[in-house]
Amino acid sequence: MARSIFILYSLSRRRVSDQLRSMFFIPTALALTTSLFILFYISSTSNLFTPHPHRPSQSRHHFLQNPDGVSSKVKNLQTPIESQTQSSLDFDSLGRNLGGVDDHGKTAVNEIIFHDQDIFKQDYLKMNKSFKIFMYPHNKNDPFANILLPVDFEPEGNYASESFFKKTLNNSHFLTKDPAKADLFYLPFSIARLRHDPRVGIDGIQDFIKDYIYNVSHYYPYWNRTGGADHFYVSCHSIGRVAINKAEEIKLNAIQVVCSSSYFQSAYVPHKDASLPQIWPRVDDDPPRITSSQRKKLAFFAGSINSPVRQKLVETWQNDTTMSVHAGHLNTSYEEALQDSKFCLHVKGFEVNTARIGDALYHGCVPVIIANHYDLPFADILNWKSFSLVIATLDIPLLQRILRGLSDDEYVSLHKNVLEVRKHFRWHVTPVDYDAFYMVMYELWLRRSSIRVPLS
């Protein structure tokens, strides 16, 4: 009897011991597995765990990918497209070598700015002949005419892209007063102007947009037939990200053309929505043509330290003599700093977007984008790898090594493409062929439905 009790005691003790052992082993195994996954992810997305190559062509940040595309040579850029019978793109001038270097040190890659020459050519011509937009009408006696009508002055400031688009569309051949002919419907409220209207303000924007959609859907039949899928609005202020919180159908269905185009945010839906470039307007000025050899600084950044990404950049590079990295505003000329630098850093602040990409392109400086999850403007059209570098925020400590890892030929190629592509990032009072207005219109063209839903 005593022996039986002893055996039972031993077995029960062994079971308890096994249970304790398993309770320790399972969490430990899960933790180790999770750590391995994290290390694998970091090693596959960053250069921190890979030796820096001796040849630029081996770098993960090498920008030459050899996609098919159209020639970046555009003629007659000062003629408005409505006065032309054909597009002035020269689609036959392909084959320009931009000095890509292969593993054997030979020029191997033919780099171009556009993704696909045939699709762009066909769609661009069709767009200008047939694309029509209906803007919901409002008159000057409307109490919110300042919010809903185009401005009667030349737009300016950091969020001018929003006003430039509305003003230019209002005077373009794309606008129709016949809704039956419309491919898309424009909701013309201005979020930037709502923000500064004392009757609305930041706290009232969501209710204003909710009420506006209610009125549109009850007084017009067009919203309800598609649930708003053939409607769009344009916003460049970052508050636009939360302005639609009380109008869920806009976020789910309508096309959002916004500057704050982060696909990390649930309010932005890539491919349905479109990225609007944030551009400081320089309407009458001719952009400078400073050669790459005249640029003495490797890289430049100046701005408020309003994000951990910028904080990391300044802490790492503010004392480096080859790069000009500053916290806050410069005491010297901002324009001269852009013109004196080979690379200009666009670094995420409160949002992924700033006007720094437009500033860099205008001054002929190669943009370096350090803003994870940024859906770049005109990415459906332009090959950003041909005129910029996109670097993960995790790779800020490797920034100098990445930039110096490019060969002279590669940098010259980037710089030449910057000078060619910057015309697509400019607004004009009277739109110019292939400028920012026409590029946004092409993005909208890509998002229209090929089937018009009839009114019931």
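Refer to the structure above for everything that follows.
Notes on the structure in this doc start here. Keep in mind that this is a model prediction, so the values were computed, not measured.

**Side note on the state of the cysteines**
Two cysteines, two sulfur atoms, one covalent bond between them: this is a disulfide. Scanning the entire structure with this criterion turns up two disulfides. Across a sulfur-sulfur distance of 2.1 Å, Cys236 and Cys259 are joined as a disulfide pair. One disulfide, between Cys236 and Cys259, carries an S-S torsion of -90° and so falls in the left-handed class. Remark: Cys259 occurs in the loop between strand S4 (255-258) and strand S5 (274-275) and Cys236 occurs in the loop between strand S3 (231-235) and helix H8 (240-243); sequence separation between them is 23 residues.

**A word on helix H2 (residues 117-130)**
With 14 residues, H2 extends 20 Å from end C-alpha to end C-alpha; this agrees with the ideal 20 Å at 1.5 Å per step. Taken as a whole, H2 has its buried residues at Phe120, Asp123, Tyr124, Met127 and Asn128. Looking down the long axis of H2, one finds its buried residues gathered within 125° of arc, a one-sided arrangement. Those residues of H2 that are buried lie in contact with helix H15 (436-447). One side-chain oxygen at the N-terminal end of H2 lies 3.1 Å from the backbone nitrogen of Asp118; it belongs to Asp116.

**Topic: the pairing of strand S9 (residues 366-370)**
Most of S9 sits inside the fold, with five of its five residues counted as buried. Both faces of S9 are covered, namely the face carrying Val366, Val368 and Ile370 and the face carrying Pro367 and Ile369. One ladder, built from five bridges, connects strand S8 (residues 341-347) with S9; its direction is parallel. Bridging across to S9, Phe343 finds its partner in Val366. Taken together, S8, helix H12 (residues 356-362) and S9 form a β-α-β motif whose crossover is right-handed. Summarising the sheet, S9 and strand S10 (residues 389-390) pair through two bridges and their orientation is parallel. Residue pairing for S10: Ile369 is matched across the bridge by Val390.

Quick notes on the rules
- Residues numbered from 1 in each chain as written.
- Predicted model: local features only at pLDDT ≥ 70, side-chain atom pairs only at ≥ 80, totals over all residues.
- Heavy atoms only, no water.
- Disulfide = S-S within 2.5 Å.
- Helix = DSSP H or I, 4+ residues; strand = E, 2+ residues; numbered from the N terminus.
- Expected span 1.5 Å × (residues − 1).
- Buried < 20%, exposed > 50% of the residue type's maximum accessible area, 1.4 Å probe, protein only.
- Arc of directions from axis to C-beta.
- Contact = heavy atoms within 4.5 Å.
- Polar contact = N/O pair within 3.5 Å; in protein donor to acceptor, adjacent residues only side chain to side chain.
- Pairing = 2+ DSSP bridges.
- Right-handed = clockwise from strand over helix to strand, strands pointing away.

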